[in-house]
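Results of the structural survey
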Amino acid sequence: MLPIPDRVQAVLDAYFQLLDSKLLNFLEAYYIYGSISLGAFTKNYSDIDFVAIVKQEITADKLALLKEIHLEIQQRFPKRILDGKYITSADMQQVNHGEQSYCYFNEGKYRGVRQFNKNSIDAYQLKVHGIAVKGQESNKLDYTIDWDILLHDMKGNLNYYWVNWRNKCERFLTVSYIGLFCSGKMAQDH
């Protein structure tokens, strides 16, 4: 398991302090995945991908507190984006039986409810490379990944999303084209 970079740990320490002060005993488990767990974290560009498994349903009151927490963290650490999911323990236990809902946060803002798919690249990275900050090791999470579905979806992503991005970059004087020469973040963002 890779160590969590100091810059990330500072954000997590502040986040958990706020969480404990506003939503004590809310989390069952908390995992970091993505660039941090893959050894590809870049100090000025990488976000902090996480999955939080919560003990209870996220009510309107709890959601309001989560919004406050994420906004405060984003204001305190504007270059360290928490990009993550809150899924209930009950929903996580049912993920083998279909997609389950989770609350999604990015850049200090609530982005709505989305679906956790056990065959997604996020689910794969979490299970295989996730770093357990709280709770059992990620490889013990109780879901199985269907490789045929995962590979099919990854090929679709490569052939649609990334080919479109590349095509945008090939058009002279587009924002994407100019961004390739001005910022490495442009390539990382897409």
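Above this text sits the structure in question.
Below is a summary of the structure that appears in this document. (Residues numbered from 1 in each chain as written. Predicted model: local features only at pLDDT ≥ 70, side-chain atom pairs only at ≥ 80, totals over all residues. Heavy atoms only, no water.)

**Describing the pattern of salt bridges**
What the rule picks out here adds up to four salt bridges. Of the charged contacts, one joins R76 and E72 as a salt bridge, the two residues approaching to 3.8 Å between their closest N and O atoms. Of this pair, R76 and E72 both sit in helix α2 (residues 60–76), four residues apart, which is roughly one turn of that helix. On the basis of relative accessible area, R76 is assigned to the partly exposed category, the value being 43%. Residue E107 is joined to R111 by a salt bridge in which the shortest nitrogen-to-oxygen separation is 3.7 Å. Judged by its relative accessible area of 41%, E107 is partly exposed. (Salt bridge = Lys/Arg side-chain N within 4 Å of Asp/Glu carboxyl O. Helix = DSSP H or I, 4+ residues; strand = E, 2+ residues; numbered from the N terminus. Buried < 20%, exposed > 50% of the residue type's maximum accessible area, 1.4 Å probe, protein only.)

**Points about a nonpolar patch on the surface**
A contiguous nonpolar patch, built from I121, W147, L151 and M154 and spanning about 360 Å² of accessible area, is present on the exposed surface. In terms of residues, the nonpolar patch owes the most to one element, helix α5 (residues 147–170), which gives three residues. Looking at the secondary structure, you find L151 in helix α5. A relative accessible area of 41% places L151 in the partly exposed class. (Patch = residues over 30% accessible without salt bridge, like charges linked within 9 Å, V, L, I, M, F, W, Y side chains within 5 Å. Areas by Shrake-Rupley, 256 points an atom, 1.4 Å probe, with all protein chains shown as cover.)

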